[in-house]
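Spelled out, the chains give:
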Amino acid sequence: MEKIGLVLEGGGVRGAYTAGALAWLNDNHVTFDYNVGISSGAVYLACYMVNDTHTPKNMSIHYASGKDVVGFAALRTEGHYVALRKIFEHYLSDTEHMDVSAISEKNLPVEVGAYILEDGKTEYYGAKDINMTLLRGTCALPCVAETVVYQGRHLLDGGITKMIPIERAQEQGCTKYVVITTKPADYVRKPSSKIETFVMKHMYKNCAQISKDYAMRHLNYYHQIDIIDQLIKEGKCIQILPSEDIEVSRYHGDVENTTRLYDLGYQDMEARREEILHFIDHKSE
């Protein structure tokens, strides 16, 4: 029996690409046997699972890098560089009425990853655990966002160790993979700086492992890319990634460029329509 998995990278504001790609999957009624996401990819994945297309579009284009949620305004209101509470509690919950309760109610085949400070590692939560608090924790970037308490544990962005959760999809028995990543093919991930490591050691004194993991982040990323490349060579994987480089960073992007990136995600999926549908054997609802 084949088990086809959808694997989503994070990327902060660059997740606009993922949001556009998932809109294509929703519009074409394509589903998967297993789904896993990290960071912003986890939030957009949750929306995809409940067929919500308006929330990812508005979040990725308007909310994720707004002047009121990133930078000095966020520091004034929440004491952190990224105001995740405002994004989730005001924009997503109040404005968009984002509701992921169906994931738990229907026990949908989905997992999201978060870094657990108490354990010093990324762990995965299934359908029964997924709610807005957990999703906020999956996006809590270290040093710049508030640590999120969930089920008595302190969560941060799972991308600290698992930027592309391909290994988790393998562990869950997938035989084929559709992987959506947010960086162009020539992207180079640099090692973390000594300043970042120093700040982490002092901010998270009770978790010595996090600074060690962050220092290894670039190596983990390339290990995950190597796995994907090998699966592609074996005919077991399709990787969807930006076909052009649009100027959007993890934290910042203007409406014009985030819109372009969202549209590019949709267009890149459409350009590979026949390849994707053939690969998953026209698997749809």
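Counting starts from 1 at the beginning of each chain's written sequence and moves along it residue by residue. Side-chain atom pairs in this predicted model are given and counted only at pLDDT of 80 or more, local residue features only at pLDDT of at least 70, and totals for whole chains, interfaces and linings cover all residues. Each side-chain value is worked out from all heavy atoms of the structure, with water and hydrogens disregarded.

Asker: Which residues make up the overall build of the protein chain, and what are the values?
Answerer: Helical segments are the DSSP runs of H or I of at least four residues, strand segments are the runs of E of at least two, and each set is numbered from the N terminus. When helices and strands are tallied, the protein chain shows 13 helices and eight strands. Put simply, the radius of gyration uses C-alpha atoms, and a globule should come to 2.2 Å times the residue count raised to 0.38. Its C-alpha atoms give the protein chain a radius of gyration of 18 Å, within 12% of the compact-globule value 19 Å for 285 residues. With the principal axes as the frame, the protein chain shows a C-alpha extent of 50 × 40 × 35 Å. Residue burial in the protein chain is summarised as follows: out of 285 residues, 56% are buried. Any two residues whose heavy atoms approach within 4.5 Å are treated as being in contact. Partitioning the contacts of the protein chain with sequence separation of at least 6, the portion at a separation of at least 24 is 73%. For the protein chain, the accessible surface area stands at approximately 12600 Å², while carbon and sulfur atoms represent 50% of it. For each residue, the accessible area found with a 1.4 Å probe, counting protein chains only, is set against the maximum for its type, and the residue is called buried under 20%, exposed over 50%, and partly exposed in between. Values of accessible area rely on a 1.4 Å probe in the Shrake-Rupley scheme; residue burial ignores everything except the protein chains shown.

Asker: Residue-level account of the nonpolar core, with values.
Answerer: Judged by nonpolar contacts, the single largest core of 81 residues is most densely connected at Leu-6 and Leu-135. When sequence neighbours within four positions are dropped, the list of residues in contact with Leu-6 reads Leu-22, Leu-25, Phe-32, Tyr-34, Asn-35, Val-36, Leu-45, Tyr-48, Val-178 and Ile-180. Formed by 18 residues, the second largest nonpolar core is a distinct cluster that contains Val-36, Ile-164, Ala-169 and Val-179. Buried Ala, Val, Leu, Ile, Met, Phe, Trp, Tyr and Cys residues form a nonpolar core when they are joined through side-chain atoms within 4.5 Å.

Asker: Explain the packing of aromatic side chains to me, and be specific about the residues and the numbers.
Answerer: Only Phe, Tyr and Trp rings take part, Trp by its six-membered ring, and two of them pair if their centres are within 6.5 Å. Stacked means planes under 30 degrees apart, edge-to-face means over 60, and tilted covers everything else. If you walk through the whole model with that rule in mind, you get four aromatic pairs. Ring plane angle 75 degrees and centroid distance 5.7 Å describe the contact between Tyr-125 and Tyr-150, whose orientation is recorded as edge-to-face. Linking Tyr-125 in strand S4 (residues 121–125) with Tyr-150 in strand S5 (residues 148–150), this pair joins segments that are 25 residues apart in sequence. A residue is classified by how much of its surface remains accessible, and Tyr-150, at 8% relative accessible area, is buried. Arranged with centres 5.3 Å apart and planes meeting at 75 degrees, the rings of Tyr-221 and Tyr-222 form a pair that is edge-to-face.

Asker: Could you give me a rundown of helix H1 (residues 16–27), with the residues and numbers involved?
Answerer: Between the first and last C-alpha of H1 there are 17 Å, a value that for twelve residues agrees with the 16 Å anticipated at 1.5 Å per step. Counting buried positions over the twelve residues of H1 gives eleven, a clear majority of the element. Listed in full, the buried residues belonging to H1 are Ala-16, Tyr-17, Thr-18, Ala-19, Gly-20, Ala-21, Leu-22, Ala-23, Trp-24, Leu-25 and Asn-26. Count one or two residues on from H1 and you reach His-29, which has phi positive near 55 degrees. Expected span of a helix: the number of residues minus one, times 1.5 Å.

None of the figures reported here should be taken as evidence of function without further support.
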